[in-house]
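Secondary and tertiary structure notes
The primary structure of each chain is shown beneath.
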Amino acid sequence: MRPVFELFEKWIDPFREPLDTAPPRGGLAFLMYFILQVRWPFVLMLVLGGLTAIVEVAIYSFIGQIVDMLEQGTRDTLFETHGPTLLGMAFVVLVLRAGVAILTALVEEQTVVPGFFNLVRWQSHQQVMRQSLSYFHDDFSGRISQKVWQAGQSAGDFMVTLLQVVWYIVIYAISTLVLVGDLDWRLGMLVAVWIAGFCIVARIFVPRVRQRAKDVAHAGSGVSGQLVDTYANIQTVKLFGSVPRENEGVRANFEIFLSEIRRFTRVLTSVRAVMALLNGTMLVAIAAAALVSWQQGLISTGHVALTLGLILRLNLLLGRLLGLLNTLFRSFGTLQDSMDMIVRPVVLRDADEASELKVSRGKIQFQSVCFHYGKSGGVINGLDLTILPGERVGIVGPSGAGKSTLLNLLLRFYDPEAGRILIDGTDIAHVTQQSLRHQIGMVTQDVSLLHRSVRDNILYGSPDASEERLMDAARRARILDFIPALEDRKGRRGFDAHVGERGVKLSGGQRQRIAIARVLLKNAPILVLDEATSALDSEVEAAIQDSLHGLMQGKTVIVIAHRLSTIAELDRLVVMEEGRIVETGTHDRLLEQGGLYAQLWLRQSGGFLSTGQLTR
């Protein structure tokens with residue numbers, strides 16, 4: 001059976017490249033975007049669902065025929081008279097029914113579940129990864145990941161339920177109507193009334209179920225996001241003794257979720273009650289009509305058995321169908337909830353025909369750059385700055401002056417609202433984001449490591465680097481003194497030890513040294529240091545500064561540091577205030593001017609100044 005399994009498992013490639021266009025808005029259009037990429041397994045499921053229903057109806061017709069055979073024949077001649085017919089029935093049950101069931105299981109379990117479910121997840125993940133940094137800052141990471149995951153689950157559940165079960169029940173109901181109506185038109189009319197009554201109930205209740213399901217899915221993702229946010233920041237929660245307050249926040253989200261669940265289940269209970277009354281009424285009516293027709297000699301005993309068997313099965317299937325419609329539209333509501341996040345417009349795209357950035361000299365120019373985070377003003381206002389190739393420039397200024405925003409614009413985490421940024425004369429808006437960031441090495445104050453091994457974290461920017469280069473970067477970043485002692489709970493040691501989510505198993509200084517090793521190994525032509533040594537003690541910082549100074553040779557360097565002593569020896573200092581450059585020059589020259597830089601220097605070296613002095 002293994003070759004057969006593998007044949008069906010390879011039918012859908014979950015990692016196939018997505019279509020050139022982004023997934024569309026609208027639940028049905030979003031679903032069809034994925035289905036049309038792998039349509040043939042679903043076409044086969046449609047055919048198999050219909051065949052399954054037809055075979056089952058045929059089996060009930062066999063019961064009626066057998067009853068008539070028994071009533072009209074004798075024990076001695078039963079097999080002689082009806083042998084071929086009975087063998088045909090046996091073939092349908094043993095071969096055709098089993099073959100359809102096996103093929104259905106193969107398509108559903110070996111093709112759709114591993115293939116289609118994960119195709120939706122993979123392509124949804126790729127769409128989310130195209131989003132800008134602000135997209136991830138505006139929502140819980142747990143909520144985003146949950147919606148990517150549930151998109152595949154809900155899309156797959158919807159299609160399997162629709163084609164394997166709902167379609168089967170629809171074909172069964174139609175076949176029942178045709179067979180019973182062929183026996184007696186009055187019985188057929190009653191079955192038609194029953195099906196029409198079901199359609200009316202579904203028409204009334206299904207839209208309510210769909211909306212309630214969407215509301216439940218959204219509220220559920222809110223609970224999940226709150227939990228992930230609390231767990232991800234558990235150290236801060238415990239540090240501030242905020243467990244009771246966090247529990248209150250989680251409970252508030254749970255209350256919202258429970259409120260939506262109760263509204264949803266009230267609709268479900270109402271529809272089940274209505275269906276119980278409808279089904280009970282129609283069962284009695286059709287059974288009574290069948291007996292009357294038999295009494296009048298219009299149908300045979302076998303026909304009565306066939307009719308009762310079909311309607312009893314139809315009663316079960318219609319009750320199941322309503323529950324399945326609830327499941328169906330719950331899945332669809334969940335899919336719509338995921339879609340709302342996944343298909344948000346990507347606000348920061350590579351330009352059409354964007355080229356690969358090649359840095360030959362490293363000249364950086366900010367030309368009349370304005371950026372306000374979409375507000376009317378503030379942050380960066382008409383900034384002009386040129387950094388020459390190989391120049392080492394420090395960016396200084398009070399908090400909120402726009403220093404980090406300037407770096408975010410250089411890295412193209414955001415696009416300027418006016419002006420442009422050039423590297424070696426090329427507008428960074430016209431190159432690919434990946435190639436831009438490949439040319440920039442950066443170490444930040446808030447170092448975030450991936451929950452992977454130390455080796456993987458260091459190699460993250462240079463995955464093909466040799467072991468020799470890895471060890472050289474580790475030595476220069478002064479991490480070899482603590483790496484051998486690392487061990488995670490699975491017994492992995494040294495460079496193979498995992499560092500925990502965001503690197504929580506390491507101290508701030510250890511995380512920062514690993515980040516420095518990573519940028520040393522990347523060896524990009526432009527180097528950005530944003531408080532790169534703030535978490536280090538003085539002795540380690542002094543040792544690493546030697547390595548950083550060596551790394552700076554031949555590179556264009558931008559350094560942000562609140563400890564002004566760490567940037568005093570740079571080629572030039574640029575002082576920012578309220579989004580503008582207010583001073584520029586060497587350390588000594590700025591001290592002579594007695595401006596904002598001199599005040600900041602005095603504050604660190606000779607005491608604190610008043611707020612009025614600092615803000616001028």
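Going by the annotation in an unreviewed UniProt entry, the name recorded for the protein is Multidrug ABC transporter ATP-binding protein, with Roseibium aquae given as the source organism. Per UniProt, the comment on the protein under Function (unreviewed entry) is "Part of an ABC transporter complex. Transmembrane domains (TMD) form a pore in the inner membrane and the ATP-binding domain (NBD) is responsible for energy generation."

A separate point is the nonpolar core. Core analysis: the biggest nonpolar cluster contains 82 residues, and Phe 42, Val 112, Phe 116, Met 159, Tyr 172, Trp 194 and Leu 325 have the highest contact counts within it. Of all the secondary-structure elements, those providing two or more residues to this core are helix H2 (27-35), helix H3 (39-72), helix H4 (78-129), helix H6 (141-183), helix H7 (185-232), helix H9 (243-295) and helix H10 (301-342). Ignoring anything within four residues of it in the chain, the contact list for Val 112 reads Phe 42, Met 45, Val 107, Phe 117 and Val 160. Core analysis: the next-biggest nonpolar cluster, separate from the first, contains 44 residues, Ala 517, Leu 551, Val 559 and Ala 561 among them.

Let us look at the pattern of salt bridges. Going through the model one piece at a time under the given rule, you end up with 16 salt bridges. Where Glu 391 meets Arg 572, a salt bridge forms, and the shortest distance between an N and an O atom there is 2.8 Å. With Glu 391 in the loop between strand E2 (380-387) and strand E3 (392-396) and Arg 572 in strand E9 (residues 572-577), this pair connects stretches of sequence that are 181 residues apart. Taking relative accessible area as the criterion, Arg 572 reaches 18% and is therefore assigned buried. Asp 472 is the partner of Arg 475 in a salt bridge, and the nearest nitrogen-oxygen pair spans 2.4 Å. Here Arg 475 and its partner Asp 472 are both found in helix H14 (residues 467-476), three residues apart, which amounts to about one turn of the helix. For Arg 475, a relative accessible area of 45% gives the class partly exposed.

Glancing now at the packing of H4 against H6. For any two helices packed against each other, the geometry is given by the interaxial angle and the distance between the axes. Direction vectors running N to C along H4 and H6 enclose 150°, while the axes themselves pass 8 Å from each other. Classified by the angle their axes make, H4 and H6 are roughly antiparallel. The two elements H4 and H6 cross, and the hand of that crossing is right-handed. Side by side, H4 and H6 meet where Thr 104, Glu 108, Val 112, Phe 116, Phe 117, Val 120, Arg 121, Ser 124, His 125 and Val 128 of the first sit next to Ile 144, Val 148, Trp 149, Ala 151, Gly 152, Gln 153, Ala 155, Gly 156, Asp 157, Met 159, Val 160 and Gln 164 of the second. Partitioning the contact of H4 with H6 into residue classes produces twelve nonpolar, seven polar and three charged.

Of all five residues that make up strand E7 (residues 526-530), five are buried, and the element is covered over most of its length. On E7, burial covers both faces: Ile 526, Val 528 and Asp 530 on one face and Leu 527 and Leu 529 on the other are all buried. Examined bridge by bridge, strand E6 (residues 440-443) and E7 share four bridges and lie parallel to one another. Bridged to Gly 441 within E7 is Leu 527. Direction of pairing for E7 relative to strand E8 (residues 556-560): parallel, over a ladder of five bridges. Directly across from Leu 529, in E8, lies its bridge partner Val 559.

Attention now moves to the UniProt feature "transmembrane region" (unreviewed entry) in the protein. When the UniProt feature table is mapped onto this chain numbering, "transmembrane region" (unreviewed entry) sits at residues 42-66, 86-107, 158-181, 187-206, 271-292 and 304-329. Annotation note: span residues 42-66, helix share 100%, strand share 0%, distance between end C-alpha atoms 36 Å. For residues 271-292, the helix share is 100%, the strand share is 0%, and the end-to-end C-alpha distance is 32 Å.

Another point: the packing of H7 against H9. Their axes nearest at 9 Å, the elements H7 and H9 cross at an angle of 170°. When the interaxial angle is binned, H7 and H9 end up roughly antiparallel. Residues of the contact of H7 with H9, tallied by class, amount to 32 nonpolar, ten polar and seven charged.

Note that Glu 353 resides in the loop between H10 and strand E1 (364-371). For Glu 353, a relative accessible area of 79% puts it in the exposed group.

Strand pairing in a sheet is mediated by backbone hydrogen bonds. Such pairs are either parallel or antiparallel. One open sheet accounts for six strands, arranged E6-E7-E8-E3-E9-E10; its pairing is mixed. The open sheet has two edge strands, E6 and strand E10 (580-585), and neither has a second partner. Averaged over all pairs of adjacent strands, the angle between their axes in this sheet comes to 20°, without regard to strand direction. Helix H11 (residues 403-410) contacts E3, E6, E7, E8 and E9 of the sheet and is inclined by roughly 145° relative to E8. Here helix H15 (residues 508-522) sits on the sheet in contact with E6 and E7, set at roughly 170° to E6.

Turning next to the side chain of Gln 37. By the secondary structure assignment, Gln 37 is in the loop between H2 and H3. Residue classification places Gln 37 among the buried residues on the basis of a relative accessible area of 10%. Here Gln 37 is in contact with Arg 16, Glu 17, Pro 18, Leu 19 and Gln 123, once residues within four sequence places are set aside.

Going through the model one piece at a time under the given rule, you end up with eight aromatic pairs. Note on Phe 15 and Trp 122: the rings are 5.3 Å apart at their centroids and 85° apart in plane angle, and the pair reads as edge-to-face. Of this pair, Phe 15 sits in the loop between helix H1 (2-9) and H2 while Trp 122 sits in helix H4, and the two are 107 residues apart along the sequence. Given the relative accessible area of 53%, Phe 15 is considered exposed.

Thresholds applied
Residues numbered from 1 in each chain as written. Predicted model: local features only at pLDDT ≥ 70, side-chain atom pairs only at ≥ 80, totals over all residues. Heavy atoms only, no water. UniProt positions renumbered as here; feature names shortened; annotations may be inferred. Core = buried A, V, L, I, M, F, W, Y, C linked by side-chain atoms within 4.5 Å. Buried < 20%, exposed > 50% of the residue type's maximum accessible area, 1.4 Å probe, protein only. Helix = DSSP H or I, 4+ residues; strand = E, 2+ residues; numbered from the N terminus. Contact = heavy atoms within 4.5 Å. Salt bridge = Lys/Arg side-chain N within 4 Å of Asp/Glu carboxyl O. Axes fitted to C-alpha atoms, helices over the stretch in contact; angles between N-to-C directions. Parallel < 35°, antiparallel > 145°, perpendicular 65-115°, else oblique. Left-handed = near helix turned anticlockwise from the far one by under 90°. Nonpolar A, V, L, I, M, F, W, Y, C, P; charged D, E, K, R; others polar. Pairing = 2+ DSSP bridges. Phe/Tyr/Trp six-rings, centres within 6.5 Å; stacked < 30°, edge-to-face > 60°.

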